[in-house]
Amino acid sequence: MSGSIHSKAALFLAAWFVWSSAARGGIFEFGERPLGTEANRNAAEYLATEAERMGYEVTRLPFKCARWVKGPSFLDREGARVEVFPGPFSPAYDKWCDAVLVTSTQQLKRTKCEGKIVFLRGPIAKEPLMPLDYPFYFPERHKEIYALLDERKPAAIVAVTGKHPACGLEPYPLFDDASFKIPTGYLDAAAMDRLLEGRGKMRLMLDSKSFPETGEQVVARKKAAGASQGKIVVFAHMDTAYGTQGALDNSAGVAVLLAAMARLKNYAGPYDLEFIPFNGEDSPMVKGETTYLARYGRELSDIQLAINIFAPGAKGSQTAVSAYNLDEDRQTWLDGEIAKHPQVKRGPEWVESDHSIFVFQGVPCLAVTSSNLRDTVMAVTHTPRDTIDLVDRNLLLETVDFIVDAVNEF
Ligand SMILES: [Zn+2]
């Protein structure tokens, strides 16, 4: 540990202020910052400027992406009207159609869907589908559903969904995909039941549009003091989903990243350091991640340790550290690092978020999150409830200490 508790806190508070100010109507207004929005570009600009100010060598990698805008949408039928949520990035739609209900892939295979609204309910809609050709993980089951929809050619799809442990939204969008060309919407079972009380054809109106935009992936680097023994990378995703300020997911992580960067700016150890505010974790396009890999992917084998900071510092939790691809000596080392910080403990593995990119490539990784990620944090992510009052500032400070110590003592 270096620096007095005072200067440490001051640096941290600077980062904290920026990432929390939007939630309080402050001047930076990052708040909701999905890919392609002005707030997202401003946030990337801010992070690049801060990293430069700290003396890091900063690379800004531009990319193309889409911004999504939606409005009130509905399903109409003689005797019934219900609100429908347009699927993220869905094309607009407004037509009267016949409708069919499908609950399984088997049933989808034999149902005539062309020109109709297809309702997906039950087993076929039991979990959010990964975006088509998602580069890091794409299950066979999802591939089959996309292939069948491509073949059956429905005019539009409406998913009947509820609660899912991986998503705070209830109901949740079944499709979240900027390249999927069929209009999609979603609603909950109660709305569906009301609709079934009506008669005849339905009118589906989806007010939803996408615009081509740009974004940036910022990467901040610092060379090892002498001959390099490889690279340590630390990252936290800076974008949000739509409809949330993203305090825990993941302003808290970016605040920890910035504070760790500030305290490691004079690092003189044997590793090259790289800090990445990934720009795309909450976007189906994962543009920041793929842009980073296109530029630096061949250096993956140089990485000796990768640390993902995701949703740390939830009130009422401790900091949970899970480890991947660590050998026995490094596991012992990690136990020693954890033991120094009373609010930090081991947590269960979860191969999601940005560390999965590195875990799948065999890179030694740590994922740093809140110990109540599964039972509490996930329920608020991507919702308007993910606000700054859920974050424990002192726990973030201890998380910064842990990461700085881990990097210095690796
Ligand atoms: Zn998220």
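Residues numbered from 1 in each chain as written. Predicted model: local features only at pLDDT ≥ 70, side-chain atom pairs only at ≥ 80, totals over all residues.

### Here's the deal with the sheet that holds strand S15 (residues 344–346)
1) Next: An order of S1-S10-S12-S11-S13-S16-S14-S15 is seen for the eight strands of this open sheet, with the pairing classed as mixed. Both outer strands of the open sheet, strand S1 (57–70) and S15, are each paired with one neighbouring strand and no more. Geometrically, the sheet is characterised by an average inter-axis angle of 20° between neighbouring strands, direction not taken into account.
2) Next: Looking at chain direction, strand S10 (residues 208–222) and strand S12 (residues 272–276) are connected through three bridges and run antiparallel. The residue bridging Lys-222 from the neighbouring strand is Leu-273, located in S12.
3) Next: Each of strand S11 (231–235), strand S13 (303–309), strand S14 (319–324), S15 and strand S16 (365–370) is contacted by helix H11 (residues 393–408), which is oriented at about 30° to S14, the strand it contacts most. (Pairing = 2+ DSSP bridges. Helix = DSSP H or I, 4+ residues; strand = E, 2+ residues; numbered from the N terminus. Axes fitted to C-alpha atoms, helices over the stretch in contact; angles between N-to-C directions. Contact = placed C-beta atoms within 7 Å.)

### So, the domain arrangement of the protein chain
1) Next: What the domain assignment lists for the protein chain is domain 1 (5–65 + 212–408) and domain 2 (72–206).
2) Next: One C-alpha centre belongs to domain 1, the other to domain 2, and the line joining them spans 34 Å.
3) Next: Taken together, the 14 residues of domain 1 in the interface contact 13 residues of domain 2.
4) Next: Broken down by secondary-structure element, the contributors of at least two residues to the side of domain 1 that touches domain 2 are helix H9 (355–359) and helix H10 (373–380).
5) Next: With three residues, H10 is the largest single contributor of residues to the side of domain 1 that touches domain 2.
6) Next: Partitioned by chemical class, the residues of the side of domain 1 that touches domain 2 number nine nonpolar, five polar and no charged. (Domains from an automatic or database assignment. Nonpolar A, V, L, I, M, F, W, Y, C, P; charged D, E, K, R; others polar.)

### A word on the sheet that holds strand S8 (residues 184–187)
1) Next: Pairing is mixed in the open sheet, where eight strands are placed in the order S4-S9-S2-S3-S8-S7-S6-S5. The sheet is open, and its two edges are formed by strand S4 (93–97) and strand S5 (99–102), each paired on a single side. Recorded for the sheet is a direction-independent mean angle of 25° between the axes of neighbouring strands.
2) Next: Pairing between strand S3 (residues 80–86) and S8: two bridges, direction antiparallel. Bridge pairing in S8 links Pro-86 to Gly-185.
3) Next: On the sheet, helix H5 (residues 189–196) packs against strand S2 (73–78), S3, strand S6 (117–121), strand S7 (156–160) and S8 and is oriented at approximately 145° with respect to S3.

### Quick look at helix H2 (residues 38–53)
1) Next: Helix length check: H2 (16 residues) gives 22 Å between terminal C-alpha atoms against 22 Å at 1.5 Å per residue, within 8%.
2) Next: Taken residue by residue, H2 has Asn-40, Ala-43, Ala-44, Leu-47, Glu-50 and Ala-51 as its buried positions. For H2, the arc enclosing every buried residue in end-on projection is 130°, short of the 170-degree limit, so these residues lie on one face. Exposed side of H2, more than 90 degrees from the buried face: Glu-38, Thr-49 and Arg-53 are the residues found there.
3) Next: Directly beyond the C-terminal end of H2, a positive phi value near 95° is found at Gly-55. (Expected span 1.5 Å × (residues − 1). Buried ≥ 20, exposed ≤ 12 C-beta atoms within 10 Å, placed from the backbone. Arc of directions from axis to C-beta.)

### Here's the deal with the environment of Ala-99
1) Next: For Ala-99, the position within the fold is in strand S5.
2) Next: With 20 C-beta atoms packed within 10 Å, Ala-99 lands in the buried category.
3) Next: In this structure the C-alpha to C-alpha distance between Ala-99 and Gly-115, which are 16 residues apart in sequence, comes to 9.0 Å.

### Looking at helix H6 (residues 247–263)
1) Next: With 17 residues, H6 ought to run about 24 Å at 1.5 Å a step, and its terminal C-alpha atoms sit 22 Å apart, in line with that.
2) Next: In terms of burial, H6 is largely enclosed, as 17 of its 17 residues are buried.

### Topic: the nonpolar core
1) Next: Counting residues in each nonpolar core, the largest one holds 67 residues, and the members touching the most others are Val-234, Val-256, Leu-257, Ala-260, Met-261 and Ile-403.
2) Next: If you tally residues by element for this core, the top one is H6, at 12 residues.
3) Next: Leaving out residues up to four positions away in the same chain, Met-261 has contacts with Ala-51, Met-54, Ala-220 and Phe-275.
4) Next: Among the nonpolar cores identified, the runner-up in size contains 32 residues, and Val-118, Ile-124, Val-160 and Met-202 belong to it. (Core = buried A, V, L, I, M, F, W, Y, C linked by C-beta atoms within 7 Å.)

### Quick word on the environment of Arg-141
1) Next: Along the chain, Arg-141 turns up in helix H4 (residues 140–152).
2) Next: The spacing of Arg-141 and Leu-129 is 12 residues in sequence and 9.1 Å in space, taken between C-alpha atoms.

### Description of the pairing of S8
1) Next: Burial along S8 is two-sided: Thr-184 and Tyr-186 facing one way and Gly-185 and Leu-187 facing the other are all buried.
2) Next: As paired elements, S7 and S8 share four bridges and run parallel to each other. Opposite Val-160, over in S8, you have Leu-187 as the bridge partner.

### Thoughts on the packing of H6 against H11
1) Next: Running from N to C, H6 and H11 cross one another at 50°; their axes reach a closest spacing of 9 Å. The angle between H6 and H11 places the two elements in the oblique class. Note on packing geometry: the crossing formed by H6 with H11 is right-handed. Here Ala-252, Ala-255, Val-256, Ala-259, Ala-260 and Arg-263 of H6 lie close against H11, whose contacting residues are Leu-396, Thr-399, Val-400, Ile-403 and Val-404.
2) Next: Here the contact of H6 with H11 is built from residues that sort into nine nonpolar, one polar and one charged. (Parallel < 35°, antiparallel > 145°, perpendicular 65-115°, else oblique. Left-handed = near helix turned anticlockwise from the far one by under 90°.)

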